[in-house]
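Examination of the molecular architecture
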Amino acid sequence: MVVSADAGSRGGKAVPYKALLDEAIAQSTHKPESVLLVDRGLAPLPLVEGRDRLWAPLREQHLHAQVPCVWVDATHPSYTLYTSGTTGKPKGVQRDTGGYAVALAASMEYIYCGKPGETYFSTSDIGWVVGHSYIIYGPLIAGMATIMYEGLPIRPDGGIWWSLVEKYKVTVMFSAPTAIRVLKKQDPALLKKYDLSSLRALFLAGEPLDEPTAQWISEGLGKPIIDNYWQTETGWPILAICKGVDDAPPKFGSPGKPVYGYNVKLLDDQTGAELTGANQKGVVAIEGPLPPGCMQTVWRDDARFVNTYWKSVPGRMVYSTFDWGIRDEDGYYFILGRTDDVINVAGHRLGTREIEESIAGHPNVAEVAVVGVADALKGQVAMAFAVLKDASCLGDTQAELRLEGEIMKLVDRDLGAVARPARVRFVTVLPKTRSGKVLRRAIQAVCESRDTGDLTTMDDPAALQQIRDLVQTKNS
Ligand code: PRX
């Protein structure tokens, strides 16, 4: 069964779902027997005979029905959530039931410090792991009320979230640095307009927390801002500040120390050797077994689970986070970005390979490279450089823009607007090594006006120059 609605609402506009859903079902090989639809009165809702049913009358009919619990094993899967990696094929992260419930309950007590009867407000969306863990299961398991907020944080104005904190006496709030950077552009007086005395702390996760953003919101709200680091795969924090477990004070720029249950190690990516000294950069790895709540396997692909996560560091069977990190002399960790081709756009995790595959589906694209480029608001944005099969439009600005628009539409359709590249630029050749590997790091460095490092393996220096010229031209 698919549960959906006529539309969502964002920025005051309805986002119709039904046509998208019908199209998705038409494309799927395993079709749902039934579709349950909530009619919010936002968009037309044509029903398919025999398959689609409306929620409201069914609710009326079953209003006082008692539904008994279904007992399952602790290891029974609770859900799968797809996430990006190095390849173009997202992995289905499979989560158990019992371990996850235990991990979330513990995290509510020792990390987020929410108490039964209080209200928790996570500004995420339930399609992402933060929404699963900390809009739905975590707060409810902890006996808290939870707020689900739809739409932008700046409508009707940038005070909307704080008005909810006042109205529902929120004690714990969870958001992402990107959202705070959006609010930073609004009137700071909005942070003082509402009574926030119930709020104890604002937790931020999902991407690196930069100092200006942390400072701004901490001063504006007069509340502690607490970073925490984790992944879809783990389902709950790997690095955090745990109250009553290790009463370490937060340190700026660090999400904290390993959470109980996680045996975190920094490893040399070439040799697998453990880096025990302070301030050495290595791959953040977790020695098995993983604590409760972390993924059980890749849905229907145990081999992929083992090969991707447990065999990427040479000579060791450890779980790799695919993040670089360092640990300072006091044991605090700092996350320095991904070791793979995953980028983080406005707190959303995207695989550049998935975007490349979508763009390569355009009939006129021969080859494409997508890289993540630093962005003041979103953390990173995707930039695409494509080689065309028929390059006759090159140099004709209108034609290039038209093609760029077509490609963006394609990515919207395949992956959603969040994955849409900021720009698609056209080149005649991509910079590659002599063995044919696209030099994504060098392209990224050029886009960020950084030193490209050693390019002795590069096949054709003119290829990188083309990108440099494009990036330096106006409107780039
Ligand atoms: O690169 C790390 C970054 O986001 C990745 C995980 O993204 P996702 O699977 O969407 O899960 C988000 C759950 C909060 C990580 O591999 N990341 C997450 N939190 C932080 C972070 N980078 C720096 N600081 C963080 N606090």
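Shown above is the structure to which this text applies.
Now for a look at the structure at hand. (Residues numbered from 1 in each chain as written. Predicted model: local features only at pLDDT ≥ 70, side-chain atom pairs only at ≥ 80, totals over all residues. Heavy atoms only, no water.)

Some details on the overall build of the protein chain
Along the backbone of the protein chain there are twelve helices and 24 strands. Here the protein chain has a C-alpha radius of gyration of 24 Å; the compact-globule value for 476 residues is 23 Å, and the two agree. Residues counted as buried form 48% of the 476 residues belonging to the protein chain. By sequence separation, contacts in the protein chain at least 24 residues apart represent 63% of the contacts at least 6 residues apart. Accessible area of the protein chain: about 23,500 Å², with a carbon and sulfur share of 55%. Charge separation in the protein chain, taken as the distance between the mean sites of 51 positive and 56 negative side-chain charges, equals 2 Å. (Helix = DSSP H or I, 4+ residues; strand = E, 2+ residues; numbered from the N terminus. Rg over C-alpha atoms; globule rule 2.2 N^0.38 Å. Buried < 20%, exposed > 50% of the residue type's maximum accessible area, 1.4 Å probe, protein only. Contact = heavy atoms within 4.5 Å. Areas by Shrake-Rupley, 256 points an atom, 1.4 Å probe, with all protein chains shown as cover. Lys, Arg positive; Asp, Glu negative; His and termini not counted. Charge placed at Lys NZ, Arg CZ, Asp CG, Glu CD.)

A word on a nonpolar patch on the surface
A surface patch of nonpolar side chains, about 260 Å² in accessible area, is lined by Val-15, Tyr-17 and Leu-20. Within the secondary structure, Val-15 sits in strand S3 (residues 13-16). (Patch = residues over 30% accessible without salt bridge, like charges linked within 9 Å, V, L, I, M, F, W, Y side chains within 5 Å. Salt bridge = Lys/Arg side-chain N within 4 Å of Asp/Glu carboxyl O.)

A look at unusual backbone geometry
Cis geometry marks the peptide bond from Arg-155 to Pro-156; its omega dihedral reads 0°. Of note, Pro-156 is situated in the loop between strand S9 (145-147) and helix H5 (160-168). In the segment running from Gly-288 into Pro-289, the intervening peptide bond is cis, with an omega of -5°. If you trace the backbone, Pro-289 turns up in the loop between strand S16 (282-287) and strand S17 (297-298). In this structure, Ser-449 takes a positive phi of about 55° despite not being glycine. Positionally, Ser-449 belongs in the loop between helix H11 (440-447) and helix H12 (461-472). Accessibility expressed as a relative area gives 68% for Ser-449, which makes it exposed.

A word on the sheet that holds strand S6 (residues 79-83)
If you walk across this open sheet you meet the three strands as S6-S7-S17, and the pairing is antiparallel. Bordering the open sheet on either side are S6 and S17, each of which pairs with just one other strand. Across five bridges, S6 lies against strand S7 (residues 91-95) in antiparallel orientation. Across the sheet, residue Thr-80 finds its bridge partner in S7, namely Gln-94. (Pairing = 2+ DSSP bridges.)

Some thoughts on the side chain of Gln-444
Counting through the fold element by element, Gln-444 comes out in helix H11. By relative accessible area, Gln-444 is classed as buried at 15%. With residues near it in sequence (within four places) discarded, Gln-444 still touches Val-371, Gly-372, Gln-380 and Arg-450.

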